[in-house]
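The chain contents come next:
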There are 2 protein chains.
Amino acid sequence: MQKIKTDPNKPLILVVNDDSIYAKGIQNLVAAVKEFGQVVVVAPGLPQSGMGHAVTLDNALRLRKVERFEGIEHSYSCSGTPVDCVKIARDVVLDRKPDLCVSGINHGSNSSINILYSGTMSAAVEAAIEGIPSIGFSLCNHDYQADFNTSKFVVQKIVDEMLRKKLPNNCLLNVNIPDVTLEQLKGFKICRQAIAKWEEEFENRIDPRGRPYYWLTGRFVNYDTKEDTDEWALANNYVSIVPVQIDLTDYNNISFINKEWTL
Amino acid sequence: MQKIKTDPNKPLILVVNDDSIYAKGIQNLVAAVKEFGQVVVVAPGLPQSGMGHAVTLDNALRLRKVERFEGIEHSYSCSGTPVDCVKIARDVVLDRKPDLCVSGINHGSNSSINILYSGTMSAAVEAAIEGIPSIGFSLCNHDYQADFNTSKFVVQKIVDEMLRKKLPNNCLLNVNIPDVTLEQLKGFKICRQAIAKWEEEFENRIDPRGRPYYWLTGRFVNYDTKEDTDEWALANNYVSIVPVQIDLTDYNNISFINKEWTL
């Protein structure tokens with residue numbers, strides 16, 4: 001395809017997600033951000049939850065124009081992962097680097113360690129790697145018919161700040177929105193990622209030919225009850241905003257190994 | 001399956017990778033670590049490069065016993081991703097938490113930002129989330145027939161230290177091995193992750209029915225020439241060891257947003 005000619009006089013906003021371009025969450029995200037600039041959507045054609053930072057190396061990718069978002073000229077489904085969407089948007093679809101990338105609104109929380117499993121957050125991370133200010137939004141409700149009214153308020157508030165006051169470092173936020181009404185919402189908390197994990201309990205079943213197979217199930221366990229965490233904020237009806245970095249180096253362990261190990 | 005009864009008197013070492021259980025890299029990794037304890041292998045049945053931290057939510061998983069590693073009683077292929085392998089090993093295969101997880105040896109570098117895309121490193125990250133001391137090994141050579149002689153020395157040296165001197169924090173290392181002989185190897189460097197990224201150049205092709213499709217290609221660009229990085233170490237024939245953390249919070253930006261933003 002020809003790259004689309006973007007409007008140089010408006011902020012260029014790339015919208016992506018992992019629940020697919022047909023999800024209610026991305027429809028609400030587009031509706032919330034379209035007043036802030038020129039919106040271009042590149043999102044997966046099929047659901048991609050739990051795809052993490054996967055990229056498609058062994059298959060070619062397809063792009064298809066999708067007419068779905070009111071007042072938005074350019075929206076495309078991509079046959080790949082959420083991270084593929086960001087890469088192909090940047091290189092094939094857009095004629096310049098977006099001023100902002102927003103990902104979501106995810107159907108379900110991406111707080112704490114879930115940032116690693118989430119396609120929605122990985123798309124936002126990929127944009128940050130590209131030097132694009134970037135925000136992943138998630139609503140703490142998995143239901144397809146969830147109410148995105150509070151989310152719209154939250155998205156607009158944060159996008160407005162993000163466009164006016166840039167973040168100094170890699171410019172990436174993990175925003176989770178409690179499933180409450182606007183009246184119940186207590187406000188916003190800037191948080192750290194809670195120390196939590198999934199405890200797996202694979203469900204063992206037997207197929208009609210007598211062979212075992214396993215379904216991944218599990219429960220999310222939060223070991224971290226402190227008040228500066230995203231889990232605390234969400235449990236207390238605050239929006240949690242975790243600034244995220246893409247340098248995973250553990251600097252404390254550099255000194256430790258240099259001192260204690262003999263290599 | 002019945003959980004395997006592990007030997008309580010030996011360190012339990014879980015071996016995983018992303019190039020599949022049939023790759024030469026994992027065969028060399030098993031050979032290198034088997035003298036350190038009881039080795040159990042759970043690795044993907046098919047190549048899973050670039051799968052990042054993906055988990056399988058929409059399909060059931062299969063486990064199959066594989067006879068492939070000399071002197072190793074328990075090795076299984078799994079139909080899922082590298083992260084699935086760690087989860088199913090922990091919950092279905094093993095009767096206790098491993099003392100160490102080693103992932104690889106990856107055919108190709110996982111230095112710098114590649115930790116996010118790499119299935120090999122994501123498996124190691126998943127083990128660290130589970131509280132298992134964990135190391136991902138990668139050789140800077142993509143060739144199937146690469147020479148793993150230097151790698152064997154490197155793996156044994158690091159595993160020996162790791163088992164004797166625990167790391168204080170989340171216990172995860174990203175180890176990359178330059179493609180050189182033992183004589184050319186200069187030693188080991190404890191490093192930070194270099195600031196680098198992939199510049200995508202999708203290749204546009206036309207299928208026999210006249211429709212476009214796109215192949216992800218690109219080149220790795222290192223913006224960070226400082227001597228404390230993994231890229232510098234590898235370019236100068238050192239093994240790079242980057243200690244990795246799983247808390248992605250950018251603490252500097254917490255203070256910035258609290259001071260500068262109005263929410």
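Keep in mind it's a predicted model, so treat the numbers as computed, not measured. (Residues numbered from 1 in each chain as written. Chains lettered and ligands numbered in written order. Predicted model: local features only at pLDDT ≥ 70, side-chain atom pairs only at ≥ 80, totals over all residues.)

**Q** Just to check I follow, could you spell out the overall build of chain A for this structure?
**A** Within chain A, the secondary structure is distributed over six helices and 13 strands. The C-alpha atoms of chain A give a radius of gyration of 19 Å, which matches the 18 Å a tight globule of 263 residues would have. With respect to the principal axes defined by its C-alpha atoms, chain A has extents near 55 × 55 × 50 Å. Taking all 263 residues of chain A together, 52% fall into the buried category. (Helix = DSSP H or I, 4+ residues; strand = E, 2+ residues; numbered from the N terminus. Rg over C-alpha atoms; globule rule 2.2 N^0.38 Å. Buried ≥ 20, exposed ≤ 12 C-beta atoms within 10 Å, placed from the backbone.)

**Q** What is the right way to read the nonpolar core from this model?
**A** Note on soluble globular proteins: their nonpolar side chains tend to be buried together. Residues V15(A), V42(A), I88(A), V15(B), V42(B) and I88(B) are the most contacted members of the largest nonpolar core, which totals 154 residues. If we skip the residues at most four places from it in the chain, V15(B) touches I26(B), L29(B), V30(B), V33(B), V39(B), V41(B) and V102(B). (Core = buried A, V, L, I, M, F, W, Y, C linked by C-beta atoms within 7 Å. Contact = placed C-beta atoms within 7 Å.)

**Q** Please explain the relation of the copies chain A and chain B as it appears in this structure.
**A** Copy one and copy two of the chain differ by a rotation about an axis and a translation along that axis. Between chain A and chain B, which share one sequence, the superposing operator has a rotation angle of 180° and an axial displacement of 0.0 Å; the RMSD is 0.0 Å. Such a turn and shift between the copies fits a two-fold axis. Looking at chain A, 98% of its interface residues are interface residues in chain B too, so the copies touch through the same face. (Least-squares fit on C-alpha atoms with pLDDT ≥ 70 in both.)

**Q** I would appreciate a short explanation of helix α1 (residues 24-33) of chain A in the present structure.
**A** Residues separated by three or four positions in an α-helix point in the same direction, a consequence of the helix having 3.6 residues per turn. Residue and element names in this part refer to chain A. By the criterion of burial, α1 is predominantly enclosed, with seven of the 10 residues buried. Of all the positions in α1, only G25, I26, N28, L29, V30, A32 and V33 are classed as buried. On its buried face, α1 is in contact with β1 (12-16), β2 (38-44), β5 (100-107), β6 (134-139) and α4 (149-164).

**Q** Just checking my understanding: could you explain unusual backbone geometry for this structure?
**A** Working note: non-glycine residues mostly have negative phi, and peptide bonds are mostly trans. Residues and elements named next belong to chain A. Omega for the bond connecting G104 with I105 falls within 30 degrees of zero, at -15°, which places this linkage in the cis form. Residue placement: I105 occurs in strand β5. We note that S112 has phi near 50°; this positive angle belongs to a residue other than glycine. Considering the arrangement of structural elements, one finds S112 in the loop between β5 and α3 (119-129).

**Q** Whenever I open this one, the packing of α1(A) against α4(A) confuses me. Can you help?
**A** Helix packing for two helices is described by the angle between their axes and how far apart those axes are. All names here are of chain A. Between α1 and α4, whose axes approach to 9 Å, the crossing angle comes to 45°. What the angle tells us is that α1 and α4 run oblique. α1 and α4 meet at a crossing whose hand is right-handed. Mapping the contact onto sequence places N28, L29, A32 and V33 in α1 and S151, K152, V155, Q156 and V159 in α4. When the residues that make up the contact of α1 with α4 are grouped by side-chain class, the tally is five nonpolar, three polar and one charged. (Axes fitted to C-alpha atoms, helices over the stretch in contact; angles between N-to-C directions. Parallel < 35°, antiparallel > 145°, perpendicular 65-115°, else oblique. Left-handed = near helix turned anticlockwise from the far one by under 90°. Nonpolar A, V, L, I, M, F, W, Y, C, P; charged D, E, K, R; others polar.)

**Q** I would appreciate a short explanation of the interface of chain A and chain B in the present structure.
**A** By convention, interface size is frequently given as the accessible area that disappears when the constituent parts associate. In this complex, chain A contributes 65 residues to the contact, which on the side of chain B involves 65 residues. If you list the elements that add at least two residues to the side of chain A that touches chain B, you get α2 (82-93), α3, α4, β8 (187-190), β9 (196-200), β11 (212-215), β13 (238-243) and α6 (251-260) of chain A. Considered class by class, the residues forming the side of chain A that touches chain B number 36 nonpolar, 14 polar and 15 charged.

**Q** Honestly, the packing of helix α2 (residues 82-93) of chain B against helix α4 (residues 119-129) of chain B in this entry has me stumped. Any pointers?
**A** Residues and elements named next belong to chain B. One way to put it is that α2 packs onto α4 with a least axis distance of 7 Å and a crossing angle of 30°. Taken as axis vectors, α2 and α4 run roughly parallel relative to one another. Between α2 and α4 the crossing geometry is right-handed. In this structure, α2 uses P82, V83, C85, V86 and K87 to contact α4, whose residues at the interface are G119, T120, S122, A123, E126 and A127.

**Q** Sorry, what's going on with the sheet that holds strand β3 (residues 63-65) of chain B here?
**A** Pairing between sheet strands relies on hydrogen bonds along the backbone, with the strands arranged either parallel or antiparallel. All names here are of chain B. Pairing within the open sheet is mixed, and its nine strands lie in the order β3-β4-β2-β1-β5-β6-β7-β13-β8. One side of each edge strand has no neighbouring strand; the edge strands of this open sheet are β3 and β8 (187-190). Averaged over neighbouring strand pairs, the angle between their axes works out to 20° when direction is ignored. (Pairing = 2+ DSSP bridges.)

**Q** Got a minute to help me understand the environment of P133(B) in this structure?
**A** All names here are of chain B. On the secondary structure map, P133 appears in the loop between α4 and β6 (134-139). Along the backbone, P133 and P98 are 35 residues apart, and their C-alpha atoms lie at a distance of 8.5 Å. If we ignore the near neighbours within four places in the chain, the residues touching P133 are L100, M162, K166, L167 and C171.

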